[in-house]
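Structural overview for review
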Amino acid sequence: MIRIQQILDTFTSKNPGGDLALIQKAYVFAAAYHEGQTRLSGEPYLSHPLAVAYTLANMGFDAPTIAAGLLHDTVEDTKAGIEDIDAEFGEEVADIVDGVTKISTITFENREEAQAENIRKMILAMSHDMRVLMVKLADRLHNMSTLDFQKTYKQQRIARETMDIYAPLANRLGLYILKRDLEDLSFKYLMPDIFNQIDSWLEKHQVVEKNIIDKVVNLIRDLLETNNVKGSVYGRIKHKYSIYKKMQSQSLTLDEMHDIMAFRVLVKDIRDCYAVLGLVHSQWKPVHGRFKDYISMPKANGYQSLHTTVIGPEAERIEIQIRTEEMHRQAEHGVAAHWLYKEKGRVNSKDLEQFSWLREIFERQGGEADSKEFMQSLKMDLFKDEVYVYTPRGDVKELPEGATPLDFAFQIHSKVGAHCAGAKINDRLMPLNTELKNGDLVEIITDPNRNPNRDWLAMVKTAKARSYIQRYLRTEERSRAVRLGHEILEKEGRKLNLNAAKALKAGHFTLVAQDLKFDSVEDLVASVGYGQITARRVLNRLYAVMHPENVGSQSIQQTVAPKEVKESGRKKDGVSISGVDGVLMRFAQCCNPVPGDAIVGYISRGVGITVHRRDCPNVANMELERLINVYWDGEEEKPYEAGIFVIAKNEHGVLANIAQAIARNEVNISGLTMSSTVDGRAKLNIQVEVRDATQLYKLIEDVRAMPAVLEVIRESESNDL
């Protein structure tokens, strides 16, 4: 168990003259409020905030940050309130603690929604003060190191969240040491068999590897001394998760892995970096395509270094990183390094240009439809490696690996992306789904008449582009639904001698919307257009609002005598719609369905429901969201077939998880085909039996929200994928 004196000594060594009294006061406060509490390991609960504070002190953080580390669980797990923290330690410490504290006063529908909202809260807090995330990362690191005492399912859940969110966040902030430790700890619980296999292999070969490392270190030192270059040389074995990723990406076994050693050369200035690179390449043959210059083109998190891989002694591939001492401090501690040079200690996202991605997340989060969409966008922002491409003016734009010209267009400006009609890559006209490569020169061709469509979602890799496209599609679909809803209400209203347009102007629909539990009249009308509620039901309520004196004695059907509607020589009587009644209906003349035929309804603009035979050729070209399940009176309701196309990570259990999600939606699978791609993705074509479009789209959204799923769309929309 860490002692408070260790924290104070470490803090003083990195912050001479720092506020020791504030840290000591926070320790006394935390000890008093956590008294009697224990962790699952049996240790006093205070051992946890002490470990968190010690990690922060080692990283060189200021007194308010370390105090917040000691206090970070008091609001959530003791009787202390955030107002107590504010009163005792001031607004600065209280704001950090509040940013770390989970949202516990709100009831969520499920754990995923609660997780998303807690992370959303943390992102908002860290956009004002980055130290919120530093405390949270130190907290997560200690929790992961003591995860053995949790139940297996909790180990998996916490490790998955760490691998998906916290390790990538540490990476984006340049906190390499934290990122490495979080990845290895998560890997241990997510894939214990593979982790233990790599661990045992490294243990077995450690003597051989150590000898090679010592030999290479001495050779590089001699090379520097011979050429009068001052510098330090270090060697190490790469961390376990890094080895696993390399095995996966190159399809290698452990015995085939030859570049698991990494060496680092630290020199005085940038000129020496390039000098050492030349010396290394003159000594050993470089591996083609394995040189990266992050000095002239730094990573998004500010990381700078030269990377090269050479064929070293005994024909072993070895990776060598060359950087200055200042670059090394930035590489190891990332954003934390800035606290060592700030007088007041507070650093927010606006202080650091390399955190523009964080500002984008903050600005975009209000436009996300829900927590699941926010989490999907956040993961897209965090996970990908970067490529750097150029505008025609020579400006450099950073994009995730696999990004397309569409992503580039939205990176330039939302309006450029929205009206993107084509792209030139290196002066050649190329498709919009072309993957961009480092150094590409990209020019976007725009057309004011061009607008986003659903196919674009399969082309983009950035959260910014996806978020804009989804928002545009939601707006357009809703606008169409509202227009259709108005047309259906007016058409049906004329049949019932009710003037829906006049009633709308008079404000009668406001009372109808309230009565039917809708937030607004527009929501009510859109629901009619979507087919979620029938026009007859709405008009029944409208009649009750306009003629309250008749309510209870007679219904609208008794008071108003509509004309008998006939289509194709037959009445609509004899056909029912799933879950609703009294809707305006006609029979399609293209297929002329008769009792006994399998039928389906289509919400037609201005005329209500048009009934088609299920095998009618025209049905195949209709919008699925307008189809509704209908059947002849006296027949049982039968499901209809639809197809969904899923792109997912090709990992263990993904198919079983998707099947479970389908089963939870009470949907039957009638057919399935699956294939794998060379980039480690799985493509699934799934035929399902659903009651209606609402059930289908609910299923699509549930599958889309799964962590392993990259995209899911209707099968009819997947032809270009």
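Residues numbered from 1 in each chain as written. Predicted model: local features only at pLDDT ≥ 70, side-chain atom pairs only at ≥ 80, totals over all residues. Heavy atoms only, no water.

1. With respect to the packing of helix H9 (residues 131-145) against helix H10 (residues 152-172)
We count it as follows: Where helices are involved, their axes are fitted lines through C-alpha atoms of the stretch in contact, as for all axes, and angles between N-to-C directions lie from 0 to 180°. A helix here means a DSSP run of H or I that spans at least four residues, while a strand means a run of E at least two residues long, and both kinds are numbered starting from the N terminus. Orientation is classified from the angle alone, with under 35 degrees giving roughly parallel, over 145 giving roughly antiparallel, 65 to 115 giving roughly perpendicular, and any other angle giving oblique. Crossing handedness is defined as follows: a turn of the near helix away from the far one that is anticlockwise and smaller than a right angle gives a left-handed crossing, while the clockwise case is right-handed. Only heavy atoms matter for contacts: two residues are in contact if any of them lie within 4.5 Å across the pair. Each residue gets one of three labels, nonpolar for Ala, Val, Leu, Ile, Met, Phe, Trp, Tyr, Cys and Pro, charged for Asp, Glu, Lys and Arg, and polar for the others, Gly among them.
Where H9 contacts H10, the axes come no closer than 11 Å and their chain directions differ by 140°. Our classification of the angle between H9 and H10 gives oblique. The handedness of the crossing between H9 and H10 comes out as left-handed. The segment H9 lies against H10, with Leu133, Lys136, Leu137, Arg140 and Met144 engaging Ile158, Ala159, Glu161, Thr162, Tyr166, Leu169 and Ala170. Its residues placed into classes, the contact of H9 with H10 shows eight nonpolar, one polar and three charged.

2. Section: the packing of aromatic side chains
In plain terms, the rule: Here a pair means two rings of Phe, Tyr or Trp (six-membered ring of Trp) with centres within 6.5 Å. Their orientation is stacked below 30 degrees between planes, edge-to-face above 60, and tilted elsewhere. In this scheme, a residue with accessible area under 20% of its type's maximum is buried, one over 50% is exposed, and one in between is partly exposed, where area comes from a 1.4 Å probe on protein chains only. Here, over-ring charges are defined by two tests on the NZ atom of lysine or the CZ atom of arginine: distance to the ring centre within 6 Å, and angle to the ring normal within 35 degrees.
Here the structure, examined in full by the defined rule, presents eight aromatic pairs. When the centroid spacing of 5.7 Å and the interplanar angle of 75° are considered together, the rings of Phe187 and Phe195 count as edge-to-face. Just as Phe187 is buried, Phe195 falls in that class too. Among the aromatic residues, ring-to-ring pairing joins Phe187, Phe195, Tyr241 and Tyr244 into one connected group. A cation over an aromatic ring shows up here: Lys25 above the ring of Phe89, its NZ or CZ 5.3 Å from the ring centre. Between the NZ or CZ atom of Arg39 and the centre of the ring of Tyr45, over which it lies, the distance is 5.9 Å.

3. What about unusual backbone geometry?
Unusually for a residue other than glycine, Asn228 sits at a positive phi of about 55°. Its place among the elements puts Asn228 in the loop between helix H12 (192-226) and strand E1 (231-237). Judged by its relative accessible area of 73%, Asn228 is exposed. One non-glycine residue, Lys517, lies in the positive phi region at around 65°. On the accessibility criterion, Lys517 (73% relative accessible area) is exposed.

4. Some points on the sheet that holds strand E10 (residues 428-430)
Sheet strands associate in pairs through backbone hydrogen bonding, adopting either a parallel or an antiparallel arrangement. The line we're drawing: Any two strands are treated as partners once DSSP identifies two or more bridges connecting them.
One open sheet accounts for three strands, arranged E10-E9-E11; its pairing is antiparallel. If you trace the sheet from one side to the other, it starts and ends with E10 and strand E11 (442-446), each paired once. Strand-to-strand, the axes of this sheet are offset by a mean angle of 35°, without reference to chain direction. Across three bridges, strand E9 (residues 420-425) lies against E10 in antiparallel orientation. By the bridge assignment, Lys424 is partnered in E10 with Leu429.

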